[in-house]
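# Overview (structure and organization)
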Amino acid sequence: MPTFQKSDIARTQLEAAVDIFLRGLSYHAVITLAGAASGLLDGMLRAQAGKEPFVDYARRVCEQMAGKTPSRQSYYHHIEMMLGISAHKHLAETDTETVEMDLYESAEKALTRAILDYIKLNGRGEPLMNVFLRLLWAKYDGAHLVAEYENVPKQMRPR
């Protein structure tokens with residue numbers, strides 16, 4: 001039976017998600033694939049690399065802005081809810097059978113989160129991931145964002 005590295009699984013999930021996103025085929029699939037990759041990458045960053053995954057960075061920002069640090073589990077769940085990931089993988093007895101979301105925006109953000117964790121783990125993005133990041137750079141005026149980043153206090157910057 002073949003053996004697969006979890007990092008390779010996350011990479012192929014992200015490559016497929018970017019391809020699907022860029023083709024506009026299924027933003028539902030993008031969210032599902034990006035969410036699965038995020039789950040793997042989060043664990044690898046913490047356990048294997050000793051690095052700060054997106055959710056922990058977001059918790060630090062929350063602490064700086066609101067004065068309190070939410071628990072990791074509750075904030076992880078909060079992010080997955082905001083990005084539509086939970087809606088794409090769970091249907092609890094208390095959930096409705098419908099969900100309202102901006103599907104394109106959720107797919108874009110879920111994919112961005114996962115790619116940032118991938119780069120933090122591997123030090124670089126794969127070619128298709130870089131195409132997606134260039135699209136974001138153009139859409140959100142990356143040069144302006146970099147200039148604004150210079151004003152961000154050091155304790156709120158990613159580690």
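This section reports on the structure supplied with the text. (Residues numbered from 1 in each chain as written. Predicted model: local features only at pLDDT ≥ 70, side-chain atom pairs only at ≥ 80, totals over all residues. Heavy atoms only, no water.)

### Observations regarding the overall build of the protein chain
Definition in use: Labels follow the DSSP assignment, with helices taken as runs of H or I lasting at least four residues and strands as runs of E lasting at least two, numbered in each case from the N terminus. Only C-alpha atoms enter the radius of gyration; for comparison, a globular chain is expected to reach 2.2 Å times N to the power 0.38, where N is the number of residues. Exposure classes here rest on a 1.4 Å probe applied to the protein chains alone. A residue is buried below 20% of its type maximum, exposed above 50%, and partly exposed in between. Method for areas: the Shrake-Rupley scheme with a 1.4 Å probe, in which residue coverage is limited to the protein chains shown. Counted as positive: Lys and Arg. Counted as negative: Asp and Glu. His and the chain ends are not counted at all. Lysine's charge is taken at NZ, arginine's at CZ, aspartate's at CG and glutamate's at CD.
A count of helices and strands for the protein chain gives seven helices and zero strands. What you see in the protein chain, going N to C, is helices and strands ordered as α-α-α-α-α-α-α. On C-alpha atoms alone, the protein chain measures out to a radius of gyration of 16 Å, which is about the 15 Å that the 2.2 N^0.38 rule sets for 159 residues. Once the C-alpha set of the protein chain is aligned to its principal axes, its extents read approximately 45 × 40 × 35 Å. When burial is assessed residue by residue, the protein chain has 36% of its 159 residues classed as buried. Summed over its atoms, the accessible surface of the protein chain is roughly 9800 Å², and 56% of this surface lies on carbon and sulfur atoms. Computing the positive centroid from 19 side-chain charges and the negative centroid from 20, the protein chain places the two 8 Å apart.

### Considering unusual backbone geometry
Peptide bonds are trans in most cases, and residues, glycine excluded, mostly fall at negative phi. The phi dihedral of Asp 141 is positive, around 55°, even though this residue is not glycine. On the basis of relative accessibility, which here comes to 42%, the residue Asp 141 falls in the partly exposed class.

### A few points about the packing of aromatic side chains
Let me state the cut-off plainly: Working definition: a ring pair exists when centres of Phe, Tyr or Trp rings (six-membered ring for Trp) sit within 6.5 Å. Plane angles under 30 degrees give stacked, over 60 give edge-to-face, the rest tilted. For a lysine, the NZ atom is tested; for an arginine, the CZ atom; a charge sits over a ring if that atom is within 6 Å of the ring centre and within 35 degrees of the ring normal.
This model, assessed by the stated rule, comprises four aromatic pairs. Between the aromatic rings of Phe 21 and Phe 132, the centroid separation amounts to 5.3 Å while the plane-to-plane angle is 90°, which identifies the pairing as edge-to-face. Of this pair, Phe 21 sits in helix α1 (residues 6-23) while Phe 132 sits in helix α6 (residues 127-139), and the two are 111 residues apart along the sequence. Across this residue pair, the class does not change: Phe 21 and Phe 132 are buried. Cluster of aromatic residues (ring-pair linked, three or more members): Phe 21, Tyr 27, Tyr 104 and Phe 132. Its guanidinium or amino end placed over the ring of Tyr 76, Arg 113 lies 5.2 Å from that ring's centre, counting from NZ or CZ.

Nothing here speaks to function; it is all geometry.
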